[in-house]
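Coordinates in review
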Amino acid sequence: MHGLQFQYIKEFYSAYPDTPKFSLSILSDITHDEVDDLGVAEDEILSFIKEMERLGYLEKTIMLIFGDHGPRFSRYRSTMHGKLEERLPFFSFSVPSWFQKEHPKLHENLLANSDILTSHFDIHATLKHILSYPEAPSDKTVGQSLLTRLNQSRTCEEIGVEAHWCPCLAWTNLNASTPLALDLAKKVVEYINNLTSTSQKLEILCERLKLKNVTFLSLLTGSKKVQSFIGSQDMHGRVQTFDENARHSDMHVEKKFEIHFETSPNDGLYEATVEVFSKGIKIIGAISRVNSYKDQPKCVEASHVNLLKFCFCRS
């Protein structure tokens, strides 16, 4: 951390000393393409925290250091560890030394919640709680403040995390060469091509992708470590059951699958979570691209940022 930046910090805290302040710093370029590059910034980050402590600023600061997601393009992204890393970003919550003494219950809640499923929706609710404390926020939020005690049996669905991003699922590997796997992958590719052909201009700019290979198929079920019950009914009285041997065309209840596939001509590697039910399929959440697209979508990078991982610009 350079001296000029420390000077900025000092001015930030000294200006209007009795006025609450909020600061957000985003450092994404260092680790966006390669998480190992974080080591380059370790000393800088450490010196920043030490200087904050030396100047006494940590005694009047709640500091959060977190990532928005784990690595998406690193060499181990295709491993199970990489999959979980993407869904379990780093998060730390630092409070002043006097916080535990003056707010023992809140401190106890923070410690207890560190072992419970949370999301960034909860961080948003926590920040709002800090502003309104000791009262709860007046408007309803999706998340729940980490200063309150969370339910230990929370599920991804309850906290607003879609199945595609949920780390609390068990993957049962299936045969990726079956008609089911091919059918699901083709439907996802068709969905992608529909996204890149919503206008005549896009149809001219972006190549239509073709399915090249299906590399992985798995059935998603609730992890036994998370669920302490065998079956449960939803608000409509439906019971989620998973029968690996059932033909997908004969299903009478929903099943969730994760499908990995490769497309041409962009050599794209994709992951999608698909819900299959009696009348068709539904793609749940975002479709992940797990290899870098580099300059492939250059023709739409200024106009359609939502299509960067899908568009392969025609030459």
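Our structure's up above, just so we're on the same page.
Presented here is an overview of the structure given in this document. These figures come from a predicted structure and were not determined experimentally.

This part takes up unusual backbone geometry. Comment: phi is negative for the bulk of residues other than glycine, and the bulk of peptide bonds are trans. For the bond running from Tyr133 to Pro134, omega is 10 degrees, close enough to zero to count as cis. As for its placement among the helices and strands, Pro134 is situated in the loop between helix H6 (120-132) and strand S3 (169-174). Omega for the bond connecting Ser264 with Pro265 falls within 30 degrees of zero, at 5 degrees, which places this linkage in the cis form. Among the secondary structure elements, Pro265 is positioned in the loop between strand S5 (255-264) and strand S6 (268-277). One non-glycine residue, Lys294, lies in the positive phi region at around 50 degrees. Mapped onto the fold, Lys294 is located in the segment after strand S7 (280-289).

Right, let's get into the state of the cysteines. For the coordinates displayed, the defined rule picks out 3 disulfides. Across the disulfide, Cys206 is cross-linked to Cys311 (sulfur-sulfur distance 2.1 Å). A torsion of -100 degrees about the S-S bond marks the disulfide between Cys206 and Cys311 as left-handed. Of the two residues, Cys206 is situated in the loop between helix H8 (200-205) and strand S4 (210-222) and Cys311 in the segment after S7; the sequence distance between them amounts to 105 residues. Per residue, the accessibility class of Cys206 equals that of Cys311, and both read buried. Paired through a disulfide, Cys299 and Cys313 show a sulfur-sulfur distance of 2.0 Å. Its S-S torsion of approximately -95 degrees makes the covalent link between Cys299 and Cys313 left-handed. Highlighted residues: Cys299 in the segment after S7 and Cys313 in the segment after S7, separated in sequence by 14 residues. Since its relative accessible area comes to 15%, Cys313 is described here as buried. In this structure Cys168 is a free cysteine whose sulfur lies 4.5 Å from that of Cys156, the closest cysteine sulfur available.

Between the first and last C-alpha of H6 there are 19 Å, a value that for 13 residues agrees with the 18 Å anticipated at 1.5 Å per step. What H6 keeps buried is the set Asp122, Ile123, Ala125, Thr126 and His129. Projected onto a plane normal to the axis of H6, the buried residues spread over an arc of 160 degrees and lie on a single side. Where H6 is buried, its residues meet strand S1 (63-66) and strand S2 (91-94).

This part covers the packing of aromatic side chains. Applying the stated rule across the entire model yields 6 aromatic pairs. Seen from their ring centres, Phe12 and Tyr13 are 5.5 Å apart, and the 80 degrees between their planes marks the pair as edge-to-face. Taking relative accessible area as the criterion, Phe12 reaches 23% and is therefore assigned partly exposed. Grouped by ring-pair contacts, the aromatic residues Phe12, Tyr13 and Tyr57 constitute a single cluster.

On to the nonpolar core, then. Ranked by internal contacts, the top residues of the largest apolar core, which has 29 residues, are Val188, Ile259, Phe261 and Ile287. Among the secondary structure elements, those contributing two or more residues to this core are helix H7 (179-195), S4, S5, S6 and S7. Not counting chain neighbours up to four residues away, the residues in contact with Ile259 comprise Ala181, Ala185, Val188, Val214, Phe216, Leu217, Tyr270, Glu271, Ala272 and Val274. Core analysis: the second largest hydrophobic core is formed by 11 residues, Cys156, Val161, Ala163 and Leu169 among them.

Cut-offs used in this document
Residues numbered from 1 in each chain as written. Predicted model: local features only at pLDDT ≥ 70, side-chain atom pairs only at ≥ 80, totals over all residues. Heavy atoms only, no water. Helix = DSSP H or I, 4+ residues; strand = E, 2+ residues; numbered from the N terminus. Disulfide = S-S within 2.5 Å. Buried < 20%, exposed > 50% of the residue type's maximum accessible area, 1.4 Å probe, protein only. Expected span 1.5 Å × (residues − 1). Arc of directions from axis to C-beta. Contact = heavy atoms within 4.5 Å. Phe/Tyr/Trp six-rings, centres within 6.5 Å; stacked < 30°, edge-to-face > 60°. Core = buried A, V, L, I, M, F, W, Y, C linked by side-chain atoms within 4.5 Å.

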